[in-house]
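Structural overview for review
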Amino acid sequence: MSDVELTPVRPQHRFDEGALRTYMEEHIEGFEGPFSVQQFEGGQSNPTFLVEAKDRPYVMRKQPPGELLPSAHAVDREYRVMDALYGTPVPVPRMYSLCEDRSVLGAKFYVMEMVEGRLYTRTALPDVEREERREIYLDMARHLAHLHAVNPAAVGLGDFGRPGNYFGRQINRWSRQYRASETETIEAMNRLMDWLPENLPGETPPVVVHGDYRLGNVLLHPTEPRVVAILDWELSTLGDGLADLGYWCQEYYGSDESGPQGEGSVAHVDLDAWGIPDERELVAAYCDFAGRGPIGNWPFYIVYNLFRSAGIIQGVYKRGLDGNASSEKALEYAGVARARAERGWGLLSDG
């Protein structure tokens with residue numbers, strides 16, 4: 001059984017369903033109502049809805065209500081990158097329509113294909129057979145390498161990110177986002193914001209970076225241990241592909257209390273007993289699929305991502321406090337930003 005949960009549309013995320021139906025009738029060929037709407041639980045940024053219509057099911061994803069942080073909740077960027085990648089070796093849903101007219105539903109939104117599959121958030125995959133876990137992880141590594149092999153200009157994404165200084169710009173961005181949602185002083189976070197800009201890796205040719213690549217953002221085939229869709233592209237841009245790999249591998253450095261129940265890392269799992277590749281094997285598999293050599297200065301990518309995820313989680317928690325988070329679970333992230341930042345600074349101190 002997958003971890004997908006559907007709920008009635010939560011009060012703070014209700015919208016004019018009649019307006020959505022009218023929009024879909026005008027902009028999506030073959031759409032036929034009436035329809036019903038449910039909300040997906042999970043997904044801490046842009047609320048996502050299952051729209052079950054007469055002709056087929058659709059997925060609608062929109063910006064959340066309330067005041068939004070600068071450059072956050074970029075559903076238009078999500079739509080653009082998935083639309084561009086459709087038809088490449090990177091598995092993404094088909095995009096149907098993007099609406100940037102906020103007068104329709106009160107926020108930007110898009111409608112896409114509903115891909116049938118399994119979604120798991122528990123990274124140890126306890127509901128999957130042991131022999132399938134390794135295959136799932138290796139298929140994720142293969143598809144991440146496929147993503148980074150795409151020529152951005154060839155798919156119309158040559159201007160999808162600013163050129164040069166990727167890590168410097170990202171560190172500055174997430175420092176600002178963290179400051180904008182800060183609820184307490186976290187000394188480790190302050191130290192990381194000082195250390196990271198002074199220890200940047202060398203420049204590499206830009207590739208499409210997903211920005212949130214992890215098990216909880218991929219759909220698996222209903223019965224086979226392989227990926228059928230990569231979701232949640234809100235943080236995608238052009239940059240260094242090792243940022244994605246480091247983000248995924250930070251799971252090996254988490255704790256049992258790294259998020260809402262069931263979403264913790266594999267840091268304390270007996271990987272061999274569970275049939276899950278360890279960090280070294282996973283990084284080597286990615287390098288093999290990508291046709292590249294060993295990675296130098298690997299710890300930077302882990303520390304950077306612990307810092308970055310601390311900033312993201314702090315924003316989720318602050319939205320929970322403000323009452324406009326996309327999930328009821330947002331307040332369960334209390335203390336997680338501190339734990340991530342202290343883990344990152346601890347790796348530097350221990351090293």
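Residues numbered from 1 in each chain as written. Predicted model: local features only at pLDDT ≥ 70, side-chain atom pairs only at ≥ 80, totals over all residues. Heavy atoms only, no water.

**A few points about the packing of aromatic side chains**
In this structure the tally under the stated criterion is 16 aromatic pairs. Taking 5.9 Å as the distance between ring centres and 65° as the angle between the ring planes, the aromatic pair formed by Tyr79 and Tyr110 counts as edge-to-face. Placement of Tyr79 in helix α2 (residues 75-85) and of Tyr110 in strand β6 (residues 109-113) is noted, with a sequence separation of 31 residues between them. Put simply, the rings of Tyr166, Phe167, Trp195, Trp298, Phe300, Tyr301 and Tyr304 touch in pairs and so form one group of aromatic residues. Seen from the ring of Phe160, Arg77 lies directly overhead, with NZ or CZ sitting 3.9 Å from the centre. Over the ring of Tyr247 we find Arg308, and its NZ or CZ is 5.2 Å from the ring centre. (Phe/Tyr/Trp six-rings, centres within 6.5 Å; stacked < 30°, edge-to-face > 60°. Helix = DSSP H or I, 4+ residues; strand = E, 2+ residues; numbered from the N terminus. Lys NZ or Arg CZ within 6 Å of the ring centre and 35° of its normal.)

**Concerning the nonpolar core**
Counting 79 residues, the largest nonpolar core has Trp233, Leu245, Trp248, Tyr304 and Phe307 as the members making the most contacts within it. Residue contributions to this core peak at nine residues, all from helix α10 (residues 298-322). Apart from residues lying up to four places away in sequence, Tyr304 is in contact with Tyr166, Phe167, Gln170, Ile171, Leu196 and Ala243. Among the nonpolar cores identified, the runner-up in size contains 20 residues, and Val9, Tyr23, Tyr58 and Val111 belong to it. (Core = buried A, V, L, I, M, F, W, Y, C linked by side-chain atoms within 4.5 Å. Buried < 20%, exposed > 50% of the residue type's maximum accessible area, 1.4 Å probe, protein only. Contact = heavy atoms within 4.5 Å.)

**Details of the side chain of Arg169**
Locating Arg169 in the fold gives a position in helix α5 (residues 166-180). Lacking a salt bridge, the buried Arg169 has Glu203 as its closest oppositely charged neighbour, with an N-O distance of 7.0 Å. Ignoring sequence-local partners within four residues, the contact set of Arg169 consists of Arg162, Pro163, Gly164 and Leu238. (Lys, Arg positive; Asp, Glu negative; His and termini not counted. Salt bridge = Lys/Arg side-chain N within 4 Å of Asp/Glu carboxyl O.)

**Re the sheet that holds strand β5 (residues 95-99)**
The six strands are arranged β1-β2-β3-β4-β6-β5 in an open sheet whose pairing can be described as antiparallel. Taken across any chain shown, the strands that pair with only one partner, and hence form the sheet edges, are β1 (6-7) and β5. Direction of pairing for β1 relative to strand β2 (residues 35-40): antiparallel, over a ladder of two bridges. Counterpart to Thr7 in the pairing with β2 is Gln39. (Pairing = 2+ DSSP bridges.)

**Things to note about the pairing of strand β9 (residues 227-230)**
Across three bridges, the pairing between strand β8 (residues 218-220) and β9 is antiparallel. Each residue of the ladder has a partner; that of Leu219, found in β9, is Ala229. The loop that links β8 with its antiparallel partner β9 comprises six residues.

**Thoughts on the confidence of the model for the chain**
Predicted confidence across the chain gives a mean pLDDT of 89, with 92% of residues reaching 70 or more. Here residues 256-264 scores under 50 on pLDDT; set against residues more than four positions off or in separate chains, the count is 23 contacts. (pLDDT = per-residue confidence, 0-100.)

**Concerning α2**
Those residues of α2 lying buried are Val75, Glu78, Tyr79, Val81, Met82, Ala84 and Leu85. Against β4 (57-62), β5, β6, α4 (130-149), β7 (207-209) and β9 lie the buried residues of α2. Following α2 by one or two positions, Gly87 adopts a phi angle in the positive range, close to 100°.

**Some points on unusual backbone geometry**
That bond from Gly33 to Pro34 is cis: its omega, 5°, falls within 30 degrees of zero. Inspection of the secondary structure puts Pro34 in the loop between α1 (17-27) and β2. The phi torsion at Asn165 lies on the positive side, around 55°, for a residue other than glycine. Given a relative accessible area of 39%, Asn165 falls into the partly exposed group. The backbone phi angle of Asn297 is positive, close to 55°, even though this residue is not glycine. By the secondary structure assignment, Asn297 is in the loop between α9 (279-290) and α10. The class for Asn297 is partly exposed, based on a relative accessible area of 47%.

**Some points on the environment of Glu234**
Positionally, Glu234 belongs in the loop between β9 and β10 (237-239). Taking relative accessible area as the criterion, Glu234 reaches 12% and is therefore assigned buried. Note: C-alpha distance between Glu234 and Leu331 (97 residues apart in sequence) is 21 Å.

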